[in-house]
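So you can see what is in the structure, the chains are spelled out below.
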Amino acid sequence: MDEFYKIVFAFPRMVRDLVRGFLPTPWTDGLDLERLELLPTAYVSDSWHKRYGDRVWKVPYREDTDHPPGAYAVLLLEFQSEVDATMPVRMLVYAGLLMQELLRQRQRGVSDARLPRVIPVVIHRGRKRWTAPLSVTEMMLPGREMEDYQPRMSYLALDEWHFSPHDLPDDNLVSALIALETSEGEALDRAVAALATLLVDPIDAEIRRAFRDWIVSLRPLQPLAQGRWRTAMLTEQKMTLLESVNERLQKWYDELERQANERGMARGLEQGLEQGLEQGLEQGLEQGLEQGLEQGIEQGIARGREQALIEERALLRRMAERRFGNAVADSVAAMLADIDDSEGFAAVGDAIVDCTTSDELMQRLTLSRQTVE
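The text that follows walks through the structure, step by step, so that each part is easy to find. (Residues numbered from 1 in each chain as written. Predicted model: local features only at pLDDT ≥ 70, side-chain atom pairs only at ≥ 80, totals over all residues. Heavy atoms only, no water.)

As for a nonpolar patch on the surface
Going by this rule: Residues form patches when they are more than 30% accessible in relative terms and have no salt bridge. Like charges link within 9 Å. Nonpolar side chains (Val, Leu, Ile, Met, Phe, Trp, Tyr) link within 5 Å. Accessible surface area values rest on a Shrake-Rupley calculation with a 1.4 Å probe, where residue burial reflects the displayed protein chains alone. Should a side-chain nitrogen of Lys or Arg be within 4 Å of a carboxyl oxygen of Asp or Glu, the pair is scored as a salt bridge. Only DSSP runs of H or I covering at least 4 residues are called helices, and only runs of E covering at least 2 are called strands; the numbering of each starts at the N terminus. Each residue gets one of three labels from its accessible area relative to the maximum for its type: buried under 20%, exposed over 50%, partly exposed in between, using a 1.4 Å probe on protein chains only.
Side chains of V89, M139 and M140 sit close together on the surface and give an oily, nonpolar patch of about 220 Å² of accessible area. The residue M139 is located in helix α5 (residues 136-139) in this model. By relative accessible area, which is 37% here, M139 ends up partly exposed.

Some remarks on helix α7 (residues 185-198)
Rule in force here: Helix span, as expected, comes to 1.5 Å for every residue beyond the first.
With 14 residues, α7 should reach 20 Å at 1.5 Å per residue; the first-to-last C-alpha distance of 21 Å fits that figure. Taken residue by residue, α7 has L188, D189, A191, V192, A193, L195, A196, T197 and L198 as its buried positions.

Some words on the packing of aromatic side chains
Rules: Note on ring pairs: Phe, Tyr and Trp rings are taken, using the six-membered ring of Trp, and paired if centres are within 6.5 Å. Classes follow the plane angle, with under 30 degrees stacked, over 60 edge-to-face and the rest tilted. A ring has a charge above it when a Lys NZ or an Arg CZ is no more than 6 Å from the ring centre and no more than 35 degrees off the ring normal.
Counted under the stated rule, the structure contains six aromatic pairs. A ring pair is formed by F4 and F211, whose centres lie 5.5 Å apart and whose planes are at 80°; its orientation type is edge-to-face. Taken together, the residues span a long stretch of sequence, with F4 in helix α1 (residues 2-8) and F211 in helix α8 (residues 205-218) at a distance of 207 residues. Of the two residues, F4 and F211, both sit in the buried class. By the ring-pair criterion, three or more aromatic residues cluster together here, those being F4, Y5, F9, F79 and F211. Stacked on the ring of Y72, the Lys or Arg K58 has its end atom at 4.5 Å from the ring centre.

Some thoughts on the pattern of salt bridges
Side-chain pairs of opposite charge can arise where the charged atoms are in close proximity. With the rule as written, the count across this model stands at 14 salt bridges. For K6, the salt bridge identified is with D54, shortest N-O distance 3.5 Å. Of this pair, K6 sits in helix α1 while D54 sits in the loop between β3 (50-52) and β4 (55-60); the two residues are 48 residues apart in sequence, bridging distant segments of the chain. Look at D54 and you get buried, because its relative accessible area is 10%. Here R318 ties to D171 by a salt bridge, and the two come within 2.6 Å at their closest N and O atoms. With a gap of 147 residues between them, R318 in helix α10 (residues 281-324) and D171 in the loop between β7 (156-159) and α6 (173-182) connect regions that are remote in the sequence. One connected set of salt bridges, linked through shared partners, spans E3, K6 and D54.

Digging into the packing of helix α2 (residues 12-22) against α6
Under the convention used in this document: Between N-to-C directions, angles span 0 to 180 degrees; the directions come from axes that are lines fitted to C-alpha atoms, helices contributing only their stretch in contact. Orientation categories follow fixed angle ranges, with anything under 35 degrees roughly parallel, anything over 145 roughly antiparallel, 65 to 115 roughly perpendicular, and all other angles oblique. Contact definition: two residues touch when any of their heavy atoms are within 4.5 Å. Residue type decides the class: Asp, Glu, Lys and Arg count as charged, Ala, Val, Leu, Ile, Met, Phe, Trp, Tyr, Cys and Pro as nonpolar, and the leftover types, Gly among them, as polar.
Relative orientation of the contacting elements α2 and α6 amounts to 90°, with a least axis distance of 7 Å. Classed by the angle they form, the pair α2 and α6 counts as roughly perpendicular. Contacts between α2 and α6 involve R13, M14, D17, L18 and F22 from the first element and L173, V174, S175, L177 and I178 from the second. Grouping the constituent residues of the contact of α2 with α6 by class yields seven nonpolar, one polar and two charged.

Printed below as a string of structure tokens:
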């Protein structure tokens, strides 16, 4: 699974969300995250031994900072599914080989005033807590003599399974990745839906495809009655996002109906017993059970449908907001208030995905509304 991390962290948007959401602010002040550059991860030592890192990004500083022109930092990423007690030394070696390669480039005419700062980050996806030392100093014998002459490599460890959901920043792809890694059952379904809203823009088609393939490998695919798959929301097909949400809501409907049946049976039994005292136990039980079941199911389904409509409208509004802004989303929400069927929701979803401007979207929705009326 570490290969998947190498794939998604080759996308600038993923790296921007990592830096903005998970790295200490003093480390990232002044970085220009719109000019990220992916660097090679194979380093060759002077003795021609080759070592490979996972992902390395060059991150320039903005021109309005105190850094000299051309200054940049290097983000050094390592992905771990197992705890590695030698990680400080590994990061020290990677950083050293990186510096060595930069010095070689200077000899070939590439000039930089100074070596860049290195931002070393380990992302741990294993369930066990990350217990490896965080610095070379922790691995060395204690003693203050010669302390100034010892290597001092440290790194930041992001331990995915030990993040609280409340600690994860909103609207962040790395947060979505962690939620997918650490969730099960309905929580995993919610994590997939949240990811889909982050990747609704056509510009994110490649990273959406990478996540979709990974989610397929996370859990067995369960075919739906319509022949679609649980991960359909991340495919390129029109409206599969809403269809997948409808599937989740249908599971919710089924649970509501089951609970309603149980409540109806209990209510029916109670009513039947009361009527049985007056009309005969057998007749009262039969009639009361039937009435209780019918009333309980109707009430449960009605409440379930109302909640489903609220969730569908909220999802479509969020899609509109991510593509066209809050004002347009409010207009779309006003139109959604009059829609209570799947075809109407599908038409709005199609328009949000297809249209490239807010004017085109509103014109299409207005025309569709007039046609229905």
